[in-house]
Amino acid sequence: MTITRRSILGAAPVLAAGAALGRVTPVLAEGRAAPLRVGVIPILAAAPIYVAEKEGWLKQAGLSLAVTTFESGPNMIQALASGTLDVYVAGVAPLGVARSKGIDVKVVAATSVEENVFVAGPKLARFAETGIAPAEVFRRYRESTGTPARLATQPLGSVPNTTLQHWLWEVAKADPKDVTIVSMGIDATQQAVLAGAVEGGTLREPAVSIVTGRNPAIRLMALGGEMFPSQPGTVVAVTRALLDKEPEVAQAIVTGVVRAVDLIGRDPERVAPIVEASLGKGLVDTATIRRALASPATRFAADPRRIVEATAAMQRYQVKIGALEREVPLDGLFEPRLYERAVAGK
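Scope of this entry: the structure provided in the associated data block. (Residues numbered from 1 in each chain as written. Predicted model: local features only at pLDDT ≥ 70, side-chain atom pairs only at ≥ 80, totals over all residues. Heavy atoms only, no water.)

**Examining the environment of Trp-57**
As a reminder of what qualifies: Numbering of helices and strands runs from the N terminus; a helix is a DSSP stretch of H or I covering at least four residues, while a strand is a stretch of E covering at least two. A 1.4 Å probe rolled over the protein chains alone gives each residue an accessible area, and that area as a share of the maximum for its type sets the label: buried under 20%, exposed over 50%, partly exposed in between.
Position of Trp-57 among the secondary structure elements: in helix H4 (residues 57–60). For Trp-57, a relative accessible area of 12% corresponds to the buried category. Residues Trp-57 and Val-92 lie 35 residues apart in sequence; the distance between their C-alpha atoms is 25 Å.

What follows is the structure in structure tokens.
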């Protein structure tokens, strides 16, 4: 199921099961004593978990959340390794690294696809005339300024980093001497683009709407599908321990996410204030969140099955660029049955 403001692609199973989802919410015989420990990257793709909580579906299931925000997926892997998280809401790519280190997690739902896009700051954007290939844009920038364009993204091993490198070297065929990749956190990337400290970078919503809204000279230069076809994005993963010991908890989370993705697609006006309160923290207004929900960079998707092939392709590329020592078999990483039950209303 993929949803944008303008279209609903492949959502028929969820819409057909809408009535069932409205009636059936997995309920624990007794409320879970401890809050569920959830790690989240503060981006729009995390909205389904917040919507599921604020709509009361998780509380109805006997769950409360203790949410911790992280700057990147690789940083969150450390928390998974230490046993301080039950649920991971971030990019799928770092989970390959986690599995290679013996951290047993299961992807039980997706939340979005093709969410990482490339934005050019004003100094770079002026070279990005219509019809000019990206590689030529970077070449012209270096020849004009005498320095390579600095491009910000998250650490090696993250989906944003992998996506950017794939776009630069495999799609755009940029000359390495024309660009320099600068690794930094999500907030730092947004601020660096706004301040002109870098010439561009990979961003996700709502950061794309924030920076382009504050400075119209900042330009969206490449969409996620251009950078990495069928780019797998944010997922919901749970520890094997949680899945084995508390399967009803994992099912309640997935059912809530599926309902939330459906609601976001049907009624973005309703969810905008929830997203603003959860992600904006008073710093991003609801109007910006509405723009982010309508953005071409926003493609919500809940079905984990649709990203399996793209995840394998991304993992192969991570090996090529040295982010991963070897490919890790994906058998066992994805657990789609909870999604299937949620859609069926069972």
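**Some points on the packing of helix H3 (residues 47–54) against helix H15 (residues 268–280)**
Defined as follows: Angles run from 0 to 180 degrees between N-to-C directions of axes, and those axes are lines fitted to C-alpha atoms, restricted for helices to the stretch in contact. Each angle is binned into one of four classes, with values under 35 degrees roughly parallel, values over 145 roughly antiparallel, values of 65 to 115 roughly perpendicular, and all other values oblique. Residue contacts are counted whenever heavy atoms from the two residues lie within 4.5 Å of one another. Each residue gets one of three labels, nonpolar for Ala, Val, Leu, Ile, Met, Phe, Trp, Tyr, Cys and Pro, charged for Asp, Glu, Lys and Arg, and polar for the others, Gly among them.
Two numbers describe how H3 lies on H15: the axes approach to 9 Å, and their chain directions differ by 110°. The angle between the axes of H3 and H15 places the two elements in the roughly perpendicular class. Contact with H3, carried on its side by Ala-47, Tyr-50, Val-51 and Lys-54, involves Val-271, Ile-274, Val-275, Ser-278 and Leu-279 of H15 and no other residues of that element. Residue classes in the contact of H3 with H15 are distributed as seven nonpolar, one polar and one charged.

**Looking at the pattern of salt bridges**
How we decide: What counts as a salt bridge is simple: a side-chain nitrogen of Lys or Arg found within 4 Å of a carboxyl oxygen of Asp or Glu.
One pass over the full model with this rule turns up 19 salt bridges. Arg-266 serves as the salt-bridge partner of Asp-262, at 3.1 Å between the closest nitrogen and oxygen. Separated by four residues within a single helix, Asp-262 and Arg-266 lie in helix H14 (residues 247–266), roughly one turn from each other. The residue Arg-305 makes a salt bridge to Glu-340 at a minimum N-O spacing of 3.2 Å. Linking Arg-305 in the loop between strand S13 (300–301) and helix H17 (308–321) with Glu-340 in helix H18 (residues 337–344), this pair joins segments that are 35 residues apart in sequence. With a relative accessible area of 43%, Arg-305 lands in the partly exposed category. Overlapping salt bridges bring together Glu-136, Arg-139, Arg-140 and Glu-143 as one network.

**Notes on the nonpolar core**
Quick reminder of the rule: Residues enter a nonpolar core if they are buried and are Ala, Val, Leu, Ile, Met, Phe, Trp, Tyr or Cys, with the set joined through side-chain atoms within 4.5 Å.
In this structure, Leu-36, Val-51, Val-87, Val-236, Ile-253, Val-254 and Leu-293 are the most contacted members of the largest nonpolar core, which totals 50 residues. No other element matches H14, which puts eleven residues into this core. Ignoring anything within four residues of it in the chain, the contact list for Val-87 reads Leu-36, Arg-37, Val-38, Gly-39, Val-236, Ala-237, Val-238 and Leu-242. By size, the runner-up hydrophobic cluster in this structure holds 28 residues, among which are Ile-77, Ala-79, Leu-333 and Phe-334.

**Quick word on the sheet that holds strand S5 (residues 87–91)**
For clarity, the cut-off: At least two bridges found by DSSP between two strands is the condition for calling them paired.
Strands sit in the order S4-S3-S5-S12-S6 across an open sheet of five strands; the sheet is mixed. A strand with exactly one partner marks an edge of an open sheet, and here the two such strands are strand S4 (65–69) and strand S6 (105–110). Here the average twist between neighbouring strands, direction ignored, is 25°. Both strand S3 (residues 36–40) and S5 contribute to a ladder of three bridges, which runs parallel.

**Overview of the pairing of strand S9 (residues 179–183)**
This is how it is decided: With its strands directed away from the observer, a crossover is right-handed exactly when the path from the first strand over the helix to the second travels clockwise.
Inspection of the sheet shows strand S8 (residues 149–153) paired to S9 by five bridges, in the parallel sense. Residue pairing across strands places Ala-152 opposite Val-182, the latter belonging to S9. The parallel pair S8 and S9 is bridged by helix H9 (residues 159–171), and the resulting crossover is right-handed.

**Concerning the environment of Ile-77**
Assignment of secondary structure puts Ile-77 in helix H5 (residues 73–82). We classify Ile-77 as buried; its relative accessible area is 7%. Ile-77 sits 18 residues away from Leu-95 along the chain, and the two C-alpha atoms are 7.5 Å apart. Aside from chain neighbours lying at most four places away, what touches Ile-77 is Tyr-88, Pro-94, Leu-95, Ala-98 and Ile-103.

**Examining the packing of aromatic side chains**
Given two aromatic rings, one states the distance between the centres and the angle between the planes to describe the pair. What counts is decided by this rule: Only Phe, Tyr and Trp rings are paired, with Trp represented by its six-membered ring, and only when their centres lie within 6.5 Å; those with planes under 30 degrees apart are stacked, over 60 edge-to-face, the remainder tilted.
A complete count under the given rule lists four aromatic pairs for this structure. Arranged with centres 5.9 Å apart and planes meeting at 85°, the rings of Phe-127 and Tyr-141 form a pair that is edge-to-face. Of this pair, Phe-127 sits in the loop between helix H7 (122–125) and helix H8 (134–145) while Tyr-141 sits in helix H8, and the two are 14 residues apart along the sequence. A centroid spacing of 6.0 Å and a plane angle of 75° characterise the contact between Phe-138 and Trp-167, whose relative ring orientation is edge-to-face. Taken as a pair, Phe-138 in helix H8 and Trp-167 in helix H9 lie far apart in primary sequence, 29 residues in all. According to the relative accessible area criterion, Phe-138 is buried, its value standing at 0%. The class of Trp-167 is buried, set by a relative accessible area of 2%. Joined through ring pairs, the aromatic side chains of Phe-118, Phe-138 and Trp-167 make up one cluster.

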